Structures are given as structure tokens and as C-alpha cells.
Amino acid sequence: ETGVTQTPRHLVMGMTNKKSLKCEQHLGHNAMYWYKQSAKKPLELMFVYNFKEQTENNSVPSRFSPECPNSSHLFLHLHTLQPEDSALYLCASSQASGPETQYFGPGTRLLVL
Amino acid sequence: DQQVKQNSPSLSVQEGRISILNCDYTNSMFDYFLWYKKYPAEGPTFLISISSIKDKNEDGRFTVFLNKSAKHLSLHIVPSQPGDSAVYFCAARDIMDSNYQLIWGAGTKLIIKP
């Protein structure tokens, strides 16, 4: 248990669906991250929030929409996804967006049909 | 083009022996390197790190070596235990990136044979 929880753990959705991934951290951290991990590929950083402000958007398609209502919660809203978006989506948090160790949640395994 | 490469997708080692996991990088501005370990159905967990001003960092059974001239780092686990079976990710931080974004390798799956 790392102090970072993600729900749901598994999600299957059609290309026309809208769904949201949720992440919550209980570590008192100020920075939160969304990563995408595809099979046999490096983790890809998608978004960074530092003190609830988005500080990084790594050219992520607009069908992925992040939301950070407070320092403890992070959402990833999904709509009109493509099959190639199927992957493991990992949330992480750290004390601040910087050289701090990141703590990861267990991930949401997403399958887009 | 990947800036952090883990060229071995998998590695099998006998229990009790030494496991050596390798990582190569291309960006000379990386100043901090980390190793994470990932079990199935769990997120990666931090294992050990090293600053570019050092060439070795040791923590129990885990030692990370950094060779800056070769742009190469390695993780040594000795002795290897069955619980070490996991995927190991190498990550690096770019000192020029104001967000200190971590650049990740693709991972190496370590299998410890009893």
C-alpha cells in the first residue's frame, strides 16, 4: 500500500463512451501525475499538476481531459477513445513537482473496444 | 528516440546469485537516476537512486553503479531472492527540465529461479 489509490482497477469501454478514472493520495503531497504504460514501452508522462495547477501536458490528445479539484484528488476524463488508447494508466504523487520520489497507485487497466 | 534504454526485456537468474540490470542513456544533462520495481497488478515502487556526482550507491542488497563517460548505469542485486522477481524500470531526470520530468526506460523483467 503506497498511499495512492486508483479506481476503477479495470475498465472496458466502447469508443463512444465517456468514463473517468479517479486517483486519490493520502500522503499530503502537492504534485500529482498521470502516466500511460503500454506493453513493453516506457512509461509516458501525460499530465502534471503542482499545487492543483497543471504544469505539464505532454501533447496528449484532447480526448483525455484531466481534472485536479484539490491536492489529494486527480481525475482523468475519457471520451471517444481509440483502441490504441488501451493501456495501463498510472497515477503518481510526490511532495512537489521536482526531484522528489514519486509514489504510484496500482493503475487502471483500460481496454477500448 | 528513447533517451533511456533498457535493452534486455527479461533476465533469468538463479536464487542466491547476483542479478545485474542495465540501463543506457543518451542525454548528458541527466543529473539523477532512479530504479523502480513493479509487481503485477501494482504500481512501480521506488527502489534506489543515484546522483550524477556519485558513481555508486548502496542500500542493503541493492547497489547502483553509474558510469557517466559510458552513459550507463546498472543495478546489482545480491543475493537474489524469489521476491525480487518483478519488472525493474530505470528512470532519469533532466536538470534542464523545469518540471524535473522523469524519463523512463521500457523495463526489464527479472525472474529469480529457485
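Trainee: Can you help me understand the overall build of chain A in this one?
Mentor: Scanning chain A from terminus to terminus reveals zero helices and eleven strands. Put simply, chain A runs from its N terminus to its C terminus through helices and strands in the order β-β-β-β-β-β-β-β-β-β-β. Against the 2.2 N^0.38 benchmark of 13 Å for 113 residues, chain A shows a C-alpha radius of gyration of 13 Å, consistent with a compact globule. Each of the three principal axes of chain A carries a C-alpha extent, and together these read 35 × 25 × 25 Å. Burial statistics for chain A: of 113 residues in total, 49% are counted as buried. Surface summary for chain A: the accessible area is close to 5200 Å², and the carbon and sulfur share equals 50%.

Trainee: What's the story with the packing of aromatic side chains in this structure? I'm lost.
Mentor: Where two aromatic rings form a pair, the distance of their centres and the angle of their planes describe that pair. Taken as a whole and assessed by the stated rule, the structure comprises twelve aromatic pairs over all chains. Look at Phe30 of chain B and Phe33 of chain B: their rings are 6.3 Å apart centre to centre, the planes differ by 90°, and that puts the pair in the edge-to-face class. Neither Phe30 of chain B nor Phe33 of chain B differs from the other in exposure class; each is buried. With a centroid separation of 5.0 Å and an interplanar angle of 50°, the aromatic rings of Tyr36 of chain B and Trp104 of chain B are classed as tilted. Residue Tyr36 of chain B is found in strand β4 (residues 30–38), and its partner Trp104 of chain B is found in strand β10 (residues 102–104); the two are separated by 68 residues along the sequence. An identical accessibility class is assigned to Tyr36 of chain B and Trp104 of chain B; each is buried. Chaining the aromatic ring pairs together yields one cluster made of Tyr33, Tyr35 and Phe104 of chain A together with Tyr36, Phe46, Phe89 and Trp104 of chain B.

Conventions used here
- Residues numbered from 1 in each chain as written.
- Chains lettered and ligands numbered in written order.
- Predicted model: local features only at pLDDT ≥ 70, side-chain atom pairs only at ≥ 80, totals over all residues.
- Heavy atoms only, no water.
- Helix = DSSP H or I, 4+ residues; strand = E, 2+ residues; numbered from the N terminus.
- Rg over C-alpha atoms; globule rule 2.2 N^0.38 Å.
- Buried < 20%, exposed > 50% of the residue type's maximum accessible area, 1.4 Å probe, protein only.
- Areas by Shrake-Rupley, 256 points an atom, 1.4 Å probe, with all protein chains shown as cover.
- Phe/Tyr/Trp six-rings, centres within 6.5 Å; stacked < 30°, edge-to-face > 60°.

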